[in-house]
Amino acid sequence: PNYSTSYALHCFLRFGNKNDQESIKNMIQYLQNQQLSEGAGFPQNSPAHGGWGFGINQKPTIGSFVDLAHTRRILQSLNDANSITNQIKSRSEYFLNRLQKRKQVPNDSQIKWIPEYGYDGGFFSSPTIAYANKGRTLVDQDSGEKYFRSYATATCDGLLSMIALDYDLNSREIKDAKNWLLQNQDWALPSGVPLDDPSPWAESMKFYNLMALAEVHSSLQISGSWKKNIVHFLAKRQTTDGSFINLDGRLMKEDDPLISTTYAVVALNQVLCSN
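The structure presented is a predicted model; accordingly, all values stated were derived computationally and were not measured.

So, how was this worked out
Residues numbered from 1 in each chain as written. Predicted model: local features only at pLDDT ≥ 70, side-chain atom pairs only at ≥ 80, totals over all residues. Heavy atoms only, no water. Helix = DSSP H or I, 4+ residues; strand = E, 2+ residues; numbered from the N terminus. Rg over C-alpha atoms; globule rule 2.2 N^0.38 Å. Contact = heavy atoms within 4.5 Å. Areas by Shrake-Rupley, 256 points an atom, 1.4 Å probe, with all protein chains shown as cover. Lys, Arg positive; Asp, Glu negative; His and termini not counted. Charge placed at Lys NZ, Arg CZ, Asp CG, Glu CD. Salt bridge = Lys/Arg side-chain N within 4 Å of Asp/Glu carboxyl O. Buried < 20%, exposed > 50% of the residue type's maximum accessible area, 1.4 Å probe, protein only. Arc of directions from axis to C-beta. Axes fitted to C-alpha atoms, helices over the stretch in contact; angles between N-to-C directions. Parallel < 35°, antiparallel > 145°, perpendicular 65-115°, else oblique. Left-handed = near helix turned anticlockwise from the far one by under 90°. Phe/Tyr/Trp six-rings, centres within 6.5 Å; stacked < 30°, edge-to-face > 60°. Lys NZ or Arg CZ within 6 Å of the ring centre and 35° of its normal. Core = buried A, V, L, I, M, F, W, Y, C linked by side-chain atoms within 4.5 Å.

A. Main features of the overall build of the chain. Along the chain, the regular secondary structure elements total ten helices and four strands. Across the chain, helices and strands are ordered from the amino to the carboxyl terminus as α-α-α-α-β-β-β-β-α-α-α-α-α-α. Its C-alpha atoms give the chain a radius of gyration of 19 Å, within 12% of the compact-globule value 19 Å for 275 residues. Along the first, second and third principal axes, the C-alpha set of the chain runs to 60 × 60 × 35 Å. Counting only contacts in the chain whose residues sit at least 6 apart along the sequence, the fraction spanning at least 24 positions is 62%. Approximately 13900 Å² of the chain is accessible, and the part contributed by carbon and sulfur atoms is 49%. For the chain, the centre of its 27 positive side-chain charges and the centre of its 27 negative side-chain charges are spaced 3 Å apart.

B. Region of the structure containing the pattern of salt bridges. Scanning the model with the defined rule gives seven salt bridges in all. For arginine 172, the salt bridge goes to aspartate 176, with nearest N and O atoms at 2.9 Å. Taken together, the residues arginine 172 and aspartate 176, both in helix α6 (residues 172–183) and four residues apart, mark about one turn of the helix. We classify arginine 172 as partly exposed; its relative accessible area is 44%.

C. Quick peek at the environment of leucine 272. With respect to the helices and strands, leucine 272 occurs in helix α10 (residues 257–273). Under the relative-accessibility criterion, leucine 272 is labelled exposed at 72%. Sequence separation of leucine 272 and glutamine 141 is 131 residues, and the distance between their C-alpha atoms is 45 Å.

D. Layout of the side chain of serine 125. Structurally, serine 125 is set in the loop between β2 (110–115) and β3 (137–139). If near-sequence neighbours (up to four positions away) are discounted, serine 125 is found in contact with Val66, Asp67, Leu68, Ala69, Leu99, Ala132, Asn133, Tyr151 and Ala154.

E. Region of interest: helix α9 (residues 226–235). Residues Trp226, Ile230, Phe233 and Leu234 constitute the buried set of α9. The arc that holds the buried residues of α9, viewed along the axis, is 90°, so those residues lie on one side. In α9, the exposed residues that point more than 90 degrees away from the buried face are Lys228 and Ala235. Structurally, α9 contributes buried residues whose contacts are with α8 (206–219) and α10.

F. The packing of helix α5 (residues 152–164) against α6, seen in detail. Here α5 crosses α6 at 150°, and the two axes come no closer than 10 Å. In terms of orientation, α5 and α6 fall into the roughly antiparallel class. The element α5 and its partner α6 pack so that their crossing is left-handed. Where α5 approaches α6, its residues Ala152, Thr155, Cys156, Leu159, Met162 and Ile163 are matched on the opposing element by Glu173, Ile174, Ala177, Lys178, Trp180 and Leu181.

G. Local environment of the packing of aromatic side chains. Summed over the entire model, instances satisfying the criterion amount to eight aromatic pairs. Plain terms: the ring middles of phenylalanine 124 and phenylalanine 148 are 5.1 Å apart, the flat faces sit at 35° to each other, and that makes the pair tilted. One end of the pair, phenylalanine 124, is in the loop between β2 and β3; the other, phenylalanine 148, is in strand β4 (residues 146–148), and 24 residues separate them in sequence. Relative to tyrosine 263, the ring of tyrosine 208 lies with its centre 5.6 Å away and its plane at 85°, an arrangement referred to as edge-to-face. With tyrosine 208 in helix α8 and tyrosine 263 in helix α10, the pair connects residues that are 55 residues apart, well separated along the chain. Per residue, the accessibility class of tyrosine 208 equals that of tyrosine 263, and both read buried. Among the aromatic residues, ring-to-ring pairing joins Phe207, Phe233 and Phe244 into one connected group. Cation over ring: lysine 134 sits above tryptophan 201, and NZ or CZ is 4.5 Å from the ring centre. Its guanidinium or amino end placed over the ring of phenylalanine 233, arginine 237 lies 3.7 Å from that ring's centre, counting from NZ or CZ.

H. Molecular detail of the nonpolar core. Counting residues in hydrophobic clusters, the biggest one holds 62 residues, and the most contacted among them are Phe123, Leu159, Met162, Leu181, Ile230 and Leu234. The leading source of residues in this core is α8, at eight residues. Residues contacting isoleucine 230, with those up to four places away along its chain left out, are Trp187, Leu210, Ala214, Ala267 and Val271.

Written out as structure tokens, the structure reads:
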């Protein structure tokens with residue numbers, strides 16, 4: 001319901017009329033209330049604090065799934081509705097800081113974040129569901145601690161979340177994540193997702209990776225040949241009926257041409273609409 005409602009809200013905001021205002025209000029309120037916060041049993045020391053997951057009909061529960069893919073879409077729809085309150089923004093920033101691999105330290109009663117082992121500016125996706133982190137794990141050589149690796153689609157979702165929250169584009173968080181993407185750029189497969197994983201997540205996210213990279217490059221007005229890279233990628237993969245399909249994409253449902261073609265259209269739209 002969170003994923004679906006965030007997309008429905010986009011549609012209503014763009015194409016709705018005055019008769020839809022009550023529905024829009026209800027969708028906004030639903031999404032706001034679904035943030036995993038203190039009132040729902042997720043205090044700041046909870047790993048899920050500040051994010052969103054699948055969503056349920058009433059209040060979230062301790063077992064709720066939470067990840068960046070859901071969080072960024074809800075933040076984008078709430079941003080479009082001008083409905084991100086200061087409280088929602090503060091919680092969301094807390095959540096994003098955790099996924100950009102920082103640790104919190106108290107400093108004169110203020111919570112601050114400093115780089116922790118494995119920090120490289122990129123993002124992983126979920127602080128609660130290990131399997132959701134497609135980059136899997138590495139071990140820090142100095143501390144011996146295991147940590148989640150950064151990978152491209154999560155880093156794109158993190159960046160788009162920060163943009164929806166109106167981060168300063170010159171902030172360290174934005175710059176570090178952007179630099180990670182530029183240093184690990186791969187238009188064919190999501191960087192950071194191991195190719196030897198028993199589950200072929202890298203191959204399953206080809207079109208999602210392309211779409212997310214296009215959204216980030218367009219939003220940040222990154223220069224270079226990214227538009228040509230997107231067109232080149234898609235030109236070689238379009239079928240005779242105009243659709244796109246990823247035959248290796250079962251895990252992300254990209255073997256459904258409705259899914260992959262939609263991702264391709266979003267990516268192309270970023271090419272056409274970007275300055």
